[in-house]
Amino acid sequence: MITRRGAILASTVFALLPFLLLVATAAANASVFLEDQTWTELHDRIGAGTTTIIVPIGGTEQNGPAMALGKHNVRVKFLAEKIAEKLGNALVAPVIAYVPEGTVDPPTAHMRFPGTITISDKTFEQLLESTARSFKLHGFKTIVLIGDHGGYQADESLVADRLNAEWKKTPVRVFAALEYYRITQDAYVEKLLAAGAKRSEIGTHAGLADTSLMLAIDPSMVRKDRLAAAPKLDAHDGVYNGDPTRSSAEFGQLGVDLIVNGTTDAIRGFMAKQPK
């Protein structure tokens, strides 16, 4: 038997349904992630001028004993979202998590550590090409590749150059935004040094620079109790030329700001040079 209070509650919920549906739709439209859209919502957004798509490229690899295997994937998705929001007319594709990481037989580079997944450079380039062709078909005009890992930066450029040559008579262009990664190697390092970090701590992989970025973006990916136990200036446990002990979200935020602002500027600069 329905009580008077239950009837009032049911009628209130029913009356609010149109509003709740509007809120849900607005949330989907506010998201910059392609995966959050229905195909009709995406069609409408492209038609309204959202014709830039960012393809975030990560990788699944070892990151020392204190940082999770999905570091690149989590990081590039977060940063791609911030870049897209700053651009204002861009969406973010699903993260590409399978990338070249070395050979299997014999195992080289990060493939010497459990959890790292690799594909060939040829397969990787074919994946990027197919992705770009899909977005061209659907109406995107600027396809931006951003890669969080240094090992495939050249592959990004090769794919962009190849497709741009093929599509030169169309308004569609592919931009390999190499600034995204370069910033982590130069401007971010200089900022860290100015903020008090030591060059011997910064490292090239899973050191202070790398780990601090992750702490600023998603601290759940870092095992803080293992930072002090990480090896110093030794690659046997996956930490290359650095010491993550003093890593902090404050250090990492320096890199986040540089990457988002610098990459956004690079994309805008590329778009400004394209024929109208």
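Quick caveat: nothing in here was measured; it's all calculated off a predicted structure. (Residues numbered from 1 in each chain as written. Predicted model: local features only at pLDDT ≥ 70, side-chain atom pairs only at ≥ 80, totals over all residues. Heavy atoms only, no water.)

Observations regarding the pattern of salt bridges
Okay, so step 1: Applying the stated criterion across every chain yields a total of 11 salt bridges.
Okay, so step 2: Note that R75 and D210 form a salt bridge whose closest N and O atoms lie 2.6 Å from each other. Of the two residues, R75 sits in helix α3 (residues 71–87) while D210 sits in helix α9 (residues 208–217), which places them 135 residues apart along the sequence. By the burial criterion, R75 is buried, and D210 matches it.
Okay, so step 3: Here R182 and E179 are joined by a salt bridge, their closest N and O atoms 3.9 Å apart. Residue R182 and its partner E179 are located together in helix α6 (residues 179–185), separated by three residues, close to a single helical turn.
Okay, so step 4: According to the relative accessible area criterion, R182 is partly exposed, its value standing at 45%.
Okay, so step 5: What emerges from the salt-bridge pattern is a single network uniting E61, K71, R75, D148 and D210. (Salt bridge = Lys/Arg side-chain N within 4 Å of Asp/Glu carboxyl O. Helix = DSSP H or I, 4+ residues; strand = E, 2+ residues; numbered from the N terminus. Buried < 20%, exposed > 50% of the residue type's maximum accessible area, 1.4 Å probe, protein only.)

Digging into the packing of aromatic side chains
Okay, so step 1: What the rule picks out here adds up to three aromatic pairs.
Okay, so step 2: Arranged with centres 5.5 Å apart and planes meeting at 85 degrees, the rings of F135 and F140 form a pair that is edge-to-face. Here F135 matches F140 in class, with each residue buried.
Okay, so step 3: For the cation-ring pair, K77 lies above F33, with the distance from its terminal atom to the ring centre recorded as 4.9 Å.
Okay, so step 4: The ring of W167 carries the charged tip of K136 above its face, separated from the ring centre by 5.4 Å. (Phe/Tyr/Trp six-rings, centres within 6.5 Å; stacked < 30°, edge-to-face > 60°. Lys NZ or Arg CZ within 6 Å of the ring centre and 35° of its normal.)

What about unusual backbone geometry?
Okay, so step 1: For the peptide bond that leads from D105 to P106, omega is 0 degrees, which places it in the cis range.
Okay, so step 2: You can see P106 is positioned in the loop between β2 (90–92) and α4 (121–137).
Okay, so step 3: Its identity as a non-glycine residue notwithstanding, N241 has a phi of 55 degrees, on the positive side.
Okay, so step 4: For N241, the position within the fold is in strand β6 (residues 240–242).

Regarding the sheet that holds strand β4 (residues 173–176)
Okay, so step 1: The strand order β2-β1-β3-β4 describes an open sheet built from four strands, whose pairing is parallel. Each having just a single partner strand, β2 and β4 make up the two edges of the open sheet. Ignoring strand direction, the axes of neighbouring strands in this sheet form an average angle of 20 degrees.
Okay, so step 2: Relative to β2, strand β1 (residues 52–57) runs parallel, the two being bridged by three bridges. Residue pairing for β2: I54 is matched across the bridge by V92.
Okay, so step 3: On top of the sheet, α4 reaches β1, β3 (142–147) and β4; it is set at about 160 degrees to β1, its chief contact. (Pairing = 2+ DSSP bridges. Axes fitted to C-alpha atoms, helices over the stretch in contact; angles between N-to-C directions. Contact = heavy atoms within 4.5 Å.)

Concerning the nonpolar core
Okay, so step 1: In terms of nonpolar packing, the biggest core is built from 44 residues, with I54, I83, I146 and L192 touching the most fellow members.
Okay, so step 2: Among the secondary structure elements, those contributing two or more residues to this core are α3, β2, β3, α6, α7 (187–194), α9 and α10 (249–272).
Okay, so step 3: Setting aside its immediate chain neighbours within four residues, I83 contacts I54, I146, Y180, I259, V260, T263, T264 and I267.
Okay, so step 4: Ranked by size, the runner-up nonpolar core spans 26 residues in total, among them V55, A93, A132 and A176. (Core = buried A, V, L, I, M, F, W, Y, C linked by side-chain atoms within 4.5 Å.)

Observations concerning the packing of α3 against α10
Okay, so step 1: Relative to each other, α3 and α10 sit at 50 degrees, their axes nearing to 9 Å. As judged from the angle between their axes, α3 and α10 are oblique. In this structure, the crossing between α3 and α10 has a hand that is right-handed. In this structure, α3 uses F78, L79, K82, I83, K86 and L87 to contact α10, whose residues at the interface are V256, I259, V260, N261, T263, T264, I267 and R268.
Okay, so step 2: Taken together, the residues of the contact of α3 with α10 break down into eight nonpolar, three polar and three charged. (Parallel < 35°, antiparallel > 145°, perpendicular 65-115°, else oblique. Left-handed = near helix turned anticlockwise from the far one by under 90°. Nonpolar A, V, L, I, M, F, W, Y, C, P; charged D, E, K, R; others polar.)

Some points on the pairing of β3
Okay, so step 1: Most of β3 is tucked away: six of the six residues are buried.
Okay, so step 2: Side chains of β3 alternate between two faces, with T142, V144 and I146 and I143, L145 and G147 buried alike.
Okay, so step 3: When β1 meets β3, the two strands line up parallel, connected through six bridges. In the strand pairing of β3, I54 is matched with V144.
Okay, so step 4: Relative to β4, β3 runs parallel, the two sharing four bridges.

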